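Residue-level structure breakdown
Spelled out from the first residue to the last, the chains are:
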Amino acid sequence: MASLSIPGIEDSDVTGLAAPVCRTATPEGDVLLLVPGDSAAARAAAHAQDDDLAAVMEITDVAPVSVPHRIRGRAWIAGWLTPVRNDQRARAAMLLAERHPVGELLGIGEALAPDPDHYGRPAWMLLRLEVGEAAVDDLWGAEQCEPDAFAAAAPDPLIGHEAELLQHLHSAHSAQVRGLCTLLGERGGEVCGVRESAVPVGLDRFGLRVRFVQGAAGRTPGAGGTDGAQRSFDARFDFPEPVRDIAELRRAMHTLFEAAAS
């Protein structure tokens, strides 16, 4: 999920419908956004002079599985917002179309139409956010990201498959995922029990993130247990080396499961 805010400009939208419907990064490190034409960001960018419109995009990383406390982290990108104009719009639209489902791009045709005159406003608008600074805050702490590092970062090869892979691990390999607790050292002894559950909540080229919940099974209020009595924590299991595709992921997961079982 992403939201876009502009200091000094209030957005009256409370439904979230004015938020960017899709986004992607250019090879130069800018962020392309497709936004409703009547959103505060579109109106402000259309009337901005050059690149003096400061803006902040907040991205909330939500786990694609059903667990309590699904927010895995947040990121902020601050910079300068401008409309994508003229011949640049076709290239921007191609980048968005390459990386997003068709359903999210229903407004691309209107966003590519000639600039409207003062009699009307486009239903959709392509915006460019030039990155000035970025930051990430997740389970492992907060960290700044310089524009050059942001531009050099490569998309994770598993991002398009993460949800289905996590669901598959949970439904078909739940016992093996739960068995990873043996790799946690001293803390593993606390959670490797019959009342412990483990849910995979994150997967990328570097490893697997699992949420362990103590007291997750066999608890009922009549037996003296409540949800409040449950304790949970997330653990990260790194792969021996970053994976580049699904075939390498299978081998990496097999290595993790073998290490946990030995």
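Since the model is a prediction, treat every value here as computed from it, not as a measurement.

1. Brief notes about the overall build of the protein chain
A tally of helices and strands in the protein chain yields eight helices and ten strands. Counting across all 262 residues of the protein chain, residues that qualify as buried make up 40%. Sequence-distant contacts, at least 24 apart, represent 65% of the contacts inside the protein chain between residues at least 6 apart.

2. Here we look at helix H8 (residues 246-261)
Taking 1.5 Å as the rise per residue, H8 with 16 residues should run 22 Å; its terminal C-alpha atoms sit 22 Å apart, in good agreement. The complete set of buried residues in H8 reads Glu248, Leu249, Ala252, Met253, Leu256, Phe257 and Ala260. Capping the start of H8 is the job of one residue whose side-chain oxygen sits 3.2 Å from the backbone nitrogen of Ala247: Asp245.

3. Here's the deal with helix H1 (residues 40-47)
Here H1 has its buried residues at Ala40, Ala41, Ala42, Ala44 and Ala45. In this structure, the buried residues of H1 make contact with strand S1 (2-5), strand S3 (31-36), strand S5 (71-83) and strand S6 (124-138).

4. Here's the deal with the packing of aromatic side chains
Under the definition given, this model contains two aromatic pairs. Between Phe212 and Phe233 the ring centres are 5.6 Å apart and the planes differ by 25 degrees, which places this aromatic pair in the stacked class. Placement of Phe212 in strand S9 (residues 207-214) and of Phe233 in strand S10 (residues 231-238) is noted, with a sequence separation of 21 residues between them. Judged by its relative accessible area of 0%, Phe212 is buried. Accessibility expressed as a relative area gives 10% for Phe233, which makes it buried. Centre to centre, the rings of Phe212 and Phe237 are 6.3 Å apart; their planes meet at 70 degrees, and the pair counts as edge-to-face. You can see Phe212 sitting in strand S9 and its partner Phe237 sitting in strand S10, a full 25 residues away along the chain. We note that Phe212, like Phe237, is buried.

5. Some words on the confidence of the model for the protein chain
For the protein chain, the average pLDDT comes to 82, and 78% of its residues sit at 70 or higher. Predicted confidence in the protein chain is weakest over helix H3 (residues 108-111), with a mean pLDDT of 57, and strongest over H8, with 96. Low pLDDT, under 50, characterises residues 218-228; the stretch is placed with five contacts to residues that sit more than four places away or in other chains.

6. Focus on the environment of Leu127
As for its placement among the helices and strands, Leu127 is situated in strand S6. Sequence separation between Leu127 and Val31 is 96 residues; the distance between their C-alpha atoms is 8.2 Å. Those residues in contact with Leu127 that sit more than four places away from it in its chain are Val31, Leu32, Leu33, Val35, Ala41, Ala42, Ala45, Leu81, Thr82, Pro83 and Val84.

7. Brief notes about the side chain of Arg72
By the secondary structure assignment, Arg72 is in strand S5. Reaching out from Arg72, the side chain makes a polar contact with the side chain of Glu162 at a distance of 2.7 Å. Once you skip the residues sitting within four places of it in the chain, Arg72 turns out to touch Asp61, Val62, Ala63, Pro64, Asp138, Leu139, Glu162, Leu166, Val201, Gly202, Leu203 and Arg209.

Rules of the game
Residues numbered from 1 in each chain as written. Predicted model: local features only at pLDDT ≥ 70, side-chain atom pairs only at ≥ 80, totals over all residues. Heavy atoms only, no water. Helix = DSSP H or I, 4+ residues; strand = E, 2+ residues; numbered from the N terminus. Buried < 20%, exposed > 50% of the residue type's maximum accessible area, 1.4 Å probe, protein only. Contact = heavy atoms within 4.5 Å. Expected span 1.5 Å × (residues − 1). Polar contact = N/O pair within 3.5 Å; in protein donor to acceptor, adjacent residues only side chain to side chain. Phe/Tyr/Trp six-rings, centres within 6.5 Å; stacked < 30°, edge-to-face > 60°. pLDDT = per-residue confidence, 0-100.

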